[in-house]
Amino acid sequence: MRFFSIFKSLVACILLLSLVSSCALFTRTPARKAQHRYIPEEFHNIFLGMAMDNFIQIRENLVLQESFIDFRSVITENINRNGIIGVTYYFDNDNQKPLYEMIIEYDSVNTRDNATKKMLGKPDLETGEWQFQSGEGFDIIAWELDNKLVIAAKLPGTEWE
């Protein structure tokens, strides 16, 4: 009888430890998740530095644009939700073709301003830009242009390095 009591306690402890170790409070978040603080929620399944091959398997409504610049590939995507009309993605043409820039077009300057204020806070007073660390060894810069928000990674080997 005592054996079964000890056995039940041991099983309960193992189950409890399994539950605690799988809890989000105790698991490490990948560094790329840090980027999601600076990118609209519609894009949380991608990240700056992501290889183009992986990217095109995840996103929909993509159109490869003809580019007259040989160092990058340009892909556009129609969004048409949550105030976002579409986005233009820049991929470096070297190595694994990493995503290094997103140009998000909003339906108005007001919509863009509300999104940037909520996501990024106030820009630097001198530059009018935002700069953050990615958590992966490169900086992220962002700025507004017309009704667009440009988010770029200073990835090694890309134009923003």
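See the structure above.
Residues numbered from 1 in each chain as written. Predicted model: local features only at pLDDT ≥ 70, side-chain atom pairs only at ≥ 80, totals over all residues. Heavy atoms only, no water.

Q: With reference to specific residues and values, describe unusual backbone geometry.
A: Even without a glycine there, the phi angle at Asn-61 is positive, about 55°. Along the chain, Asn-61 turns up in the loop between α2 (52–58) and β1 (62–65). For Asn-61, a relative accessible area of 54% gives the class exposed. Although it is not a glycine, Asn-80 adopts a positive phi angle of roughly 55°. Position of Asn-80 among the secondary structure elements: in strand β2 (residues 72–81). In this structure Asn-80 comes out as exposed when scored by relative accessible area, which is 59%. (Helix = DSSP H or I, 4+ residues; strand = E, 2+ residues; numbered from the N terminus. Buried < 20%, exposed > 50% of the residue type's maximum accessible area, 1.4 Å probe, protein only.)

Q: Summarise the packing of aromatic side chains; cite the residues concerned and give the values.
A: Counting across every chain of the model gives six aromatic pairs. Note on Phe-43 and Tyr-89: the rings are 6.5 Å apart at their centroids and 80° apart in plane angle, and the pair reads as edge-to-face. Taken together, the residues Phe-43 in the loop between α1 (2–22) and α2 and Tyr-89 in strand β3 (residues 84–92) connect sequence positions 46 residues apart. Phe-43 gets classed as buried once you look at its relative accessible area, which sits at 0%. Overall, the relative accessible area of 0% leaves Tyr-89 in the buried class. (Phe/Tyr/Trp six-rings, centres within 6.5 Å; stacked < 30°, edge-to-face > 60°.)

Q: Run through the sheet that holds β2, naming residues and quoting values.
A: The strand order across the open sheet formed by seven strands is β1-β2-β3-β4-β7-β6-β5, and the pairing between neighbours is antiparallel. The strands lining the two open edges of the sheet, one partner per strand, are β1 and β5 (130–133). Across the sheet, the axes of successive neighbouring strands diverge by a mean angle of 20°, strand direction being ignored. (Pairing = 2+ DSSP bridges. Axes fitted to C-alpha atoms, helices over the stretch in contact; angles between N-to-C directions.)

Q: Which residues make up the pairing of β5, and what values do they have?
A: Of the two faces of β5, the one lined by Trp-130 and Phe-132 is fully buried and the one lined by Gln-131 and Gln-133 carries no buried residue. Here β5 pairs with strand β6 (residues 139–145) via four bridges, running antiparallel. Across the sheet, Gln-133 pairs through a bridge with Asp-139, a residue of β6.

The quantities given are spatial measurements derived from coordinates; they are silent on function.
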